[in-house]
Amino acid sequence: GTSGTRLCRLSFSVDLSGAATPTTAYSATNLVEAHALLAACGLAVTYGSLGVDATYNPIVAAVPSLTFYVYVDGMQYKMLGARGNVRFRANIGEFVHAEFEFLGVYSGGKIASFAATMPVATTGKYPVQTPPTVFGSSQMTFYGQSVVCRSLEVDFGNRLEPRPNMNGANGAVSTVIAQGNATG
């Protein structure tokens, strides 16, 4: 067997989109498509009074974790208890990108068919894919002042650490966000 803590990292980027159903107000059942990823990066959502906006703010307690399934050449690999960091990049006239990096507990691999083992989402409502958001014509403010800029980058700077468990087969039970150091 393998000794020591078994961790793995997963990095990827997505183009940000709005609500799963664009004509319906944001709510706990009509979430921003990247909601689960943002929540596992320590961001909690607040909905505007009319449901036309969703605001994400950093939190330090009760940050949910994710399980990722990665399929490569007929093998399924599983990462448990993952939490992450997100960096947003936006340039005028381009899609807004969210770059994610997650750290989780490696749970091994097994032979598996992608379609036969695909888990079904249990939270939120994702019936259609909304077009990605193009950066521009926004009403961006910073401390109440209008901002004029060509591009924007915000990195939450989450430092990720394993949550040790000497009784577990993998040496850790999950990962935690030990500290955030936002830049941008």
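Since the structure is predicted, the reported quantities are computational estimates derived from the model, not experimental observations. (Residues numbered from 1 in each chain as written. Predicted model: local features only at pLDDT ≥ 70, side-chain atom pairs only at ≥ 80, totals over all residues. Heavy atoms only, no water.)

**Q** What's the story with the overall build of the protein in this structure? I'm lost.
**A** For the protein, the count of helices and strands is two helices and 11 strands. Taken from N to C terminus, the helices and strands of the protein fall in the order β-α-β-β-β-β-β-α-β-β-β-β-β. By residue count, 30% of the 184 residues in the protein fall in the buried class. In the structure as shown, the protein presents an accessible area of about 11300 Å², 55% of it carried by carbon and sulfur atoms. (Helix = DSSP H or I, 4+ residues; strand = E, 2+ residues; numbered from the N terminus. Buried < 20%, exposed > 50% of the residue type's maximum accessible area, 1.4 Å probe, protein only. Areas by Shrake-Rupley, 256 points an atom, 1.4 Å probe, with all protein chains shown as cover.)

**Q** In this structure, what is going on with the pairing of strand β6 (residues 97–111)? I would like to understand it.
**A** Along a regular strand, successive side chains alternate from one face of the sheet to the other. Across nine bridges, the pairing between strand β1 (residues 7–15) and β6 is antiparallel. The residue bridging leucine 10 from the neighbouring strand is phenylalanine 102, located in β6. Here strand β5 (residues 75–91) folds back onto β6 in antiparallel fashion, the turn holding five residues, of which glycine 93 has a positive phi close to 80°. (Pairing = 2+ DSSP bridges.)

**Q** Help me understand the nonpolar core in this model?
**A** A general feature of soluble globular proteins is that nonpolar side chains tend to end up buried together. The biggest cluster of nonpolar side chains holds 23 residues, and the ones touching the most others in it are Leu37, Leu38, Phe68, Val86, Phe88, Phe100 and Phe102. Within the residue set of this core, elements represented by two or more residues are α1 (35–39), β4 (66–72), β5 and β6. Per element, the largest residue contribution to this core is five residues, and it comes from β5. Those residues in contact with phenylalanine 100 that lie beyond four places of it in its chain are Leu10, Ser11, Phe12, Val14, Leu37, Leu38, Cys41, Asn85 and Val86. (Core = buried A, V, L, I, M, F, W, Y, C linked by side-chain atoms within 4.5 Å. Contact = heavy atoms within 4.5 Å.)

**Q** Sorry if this is basic, but what is going on with the pattern of salt bridges here?
**A** Close approach of charged atoms allows side chains with opposite charge to pair. In total, this model carries seven salt bridges according to the counting rule given. Between arginine 87 and glutamate 99 there is a salt bridge, with its nearest N and O atoms 3.3 Å apart. Placement of arginine 87 in strand β5 and of glutamate 99 in strand β6 is noted, with a sequence separation of 12 residues between them. Between arginine 87 and aspartate 155 there is a salt bridge, with its nearest N and O atoms 2.9 Å apart. (Salt bridge = Lys/Arg side-chain N within 4 Å of Asp/Glu carboxyl O.)

**Q** How do you make sense of the side chain of aspartate 155 when you look at a structure like this?
**A** Looking at the element boundaries, aspartate 155 is found in strand β9 (residues 151–155). On the accessibility criterion, aspartate 155 (12% relative accessible area) is buried. One polar contact links the side chain of aspartate 155 to the main-chain amide nitrogen of glycine 157, over a distance of 2.8 Å. Residues within four places of aspartate 155 in sequence aside, it is in contact with Asn85, Val86, Arg87, Asn181, Ala182 and Thr183. (Polar contact = N/O pair within 3.5 Å; in protein donor to acceptor, adjacent residues only side chain to side chain.)

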